[in-house]
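Reading the structure
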Amino acid sequence: MTSEPGTFEPLQQKRVPAQIAESIVAAITRGDYPTGSRLPAERELASVLGVSRSSLRQALATLELAGIVSAQHGSGTTVVANADQLASWGQQILPPQILEVRMLIEPELAALAASKRTPETVAALEQALERLEAQGDQAGLDYDDHFFHLAIADAAQNPILANALRETLRYTNGPMWRQLKRGALESHASVRGHLEEARALVEAVRDGRTRDAADIWRDHLVIYRREMLNGQGR
């Protein structure tokens, strides 16, 4: 068994958890950490990689969902991947990568929806909000708000960006995403928070508050990312 640091390449502080995960997988694939061995302690590994412990935890959570590592309280993080799992790693679309794309696209779609608003697009958004509210306090996998996000995309009146979001959301049907979603939305407080943000977004679009619309939707996605990847509810 080994828990000494291997030959990791330092990462820039602001790089994303997905890239941290790739660096760890590369070290495992090289044989620095064979199946059954333990990774270095969290503090030491974050220092070696040059990243925050928060970003490292997100990366390790993704690796655990993919079956690459197993984290046990009090005994560290153990490598459990087999050769097939390591070989297919780069072919997977991972939840942090999906969220990266959404963080880039969706605030801009919200801003465009506000700047280009028409009575018809506002009415369509209000109908989507009513449908969202009709779900009530459904939590976990039963909660579905993708149609609302797509309604915002359509209100932006840019089919290229709208199609980019539709393509991104296709990857949210995988087992890793569904498991993370279940954990993120198991709290009724989380669902109520999402509804409040949706209401605020529709109001900002209705009023033509472009900057507010972008900020509201960006904050919504930041919170959702934290709920999914860090397990931090409201």
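For the structure itself, consult the block above.
Structure report, in brief. Keep in mind the model is a prediction, meaning the values are calculated, not measured. (Residues numbered from 1 in each chain as written. Predicted model: local features only at pLDDT ≥ 70, side-chain atom pairs only at ≥ 80, totals over all residues. Heavy atoms only, no water.)

1. Topic: the overall build of the protein
Where we set the bar: Starting at the N terminus, helices and strands are each numbered in turn, a helix being any DSSP run of H or I of at least four residues and a strand any DSSP run of E of at least two. The classification of residues rests on relative accessible area computed with a 1.4 Å probe and restricted to protein chains. Under 20% of the type maximum is buried, over 50% is exposed, and intermediate values are partly exposed. Any pair of residues with heavy atoms lying within 4.5 Å of one another is described as a contacting pair. Each accessible area is a Shrake-Rupley result for a 1.4 Å probe, and residues are judged covered by the shown protein chains and nothing else.
For the protein, the count of helices and strands is eleven helices and two strands. Its helices and strands taken in sequence order, the protein reads α-α-α-β-β-α-α-α-α-α-α-α-α from the N to the C terminus. Going through the 234 residues of the protein one by one, you find that 44% of them count as buried. By sequence separation, contacts in the protein at least 24 residues apart represent 72% of the contacts at least 6 residues apart. Carbon and sulfur atoms provide 48% of the accessible area of the protein, an area that totals close to 11600 Å².

2. Brief notes about the nonpolar core
Defined as follows: For the purposes of this section, nonpolar cores are sets of buried Ala, Val, Leu, Ile, Met, Phe, Trp, Tyr and Cys residues that join through side-chain atoms within 4.5 Å.
The biggest cluster of nonpolar side chains holds 32 residues, and the ones touching the most others in it are L125, F148, I152, L201 and M228. At seven residues, helix 10 (residues 188-207) tops the list of elements feeding residues into this core. Look past the residues within four positions of M228 in its chain and what remains in contact with it is L99, W177, L180, K181 and A184. With 25 residues, the next largest nonpolar core counts V25, Y33, L49 and I68 among its residues.

3. Concerning the packing of aromatic side chains
We count it as follows: Here is the rule: rings of Phe, Tyr and Trp (six-membered ring for Trp) pair when centre to centre is within 6.5 Å. Planes less than 30 degrees apart are stacked, more than 60 are edge-to-face, and the remainder are tilted.
Considering all chains together, one arrives at two aromatic pairs under this definition. Residues F148 and W217 carry aromatic rings whose centres are separated by 5.8 Å and whose planes lie at 65° to one another, so their mutual orientation is edge-to-face. With F148 in helix 7 (residues 146-155) and W217 in helix 11 (residues 210-229), this residue pair connects regions lying 69 residues apart in the sequence. The exposure classification of F148 matches that of W217, with both residues buried. A ring pair is formed by W177 and Y224, whose centres lie 6.4 Å apart and whose planes are at 75°; its orientation type is edge-to-face. Of this pair, W177 sits in helix 9 (residues 175-184) while Y224 sits in helix 11, placing them 47 residues apart in sequence. Given the relative accessible area of 7%, Y224 is considered buried.

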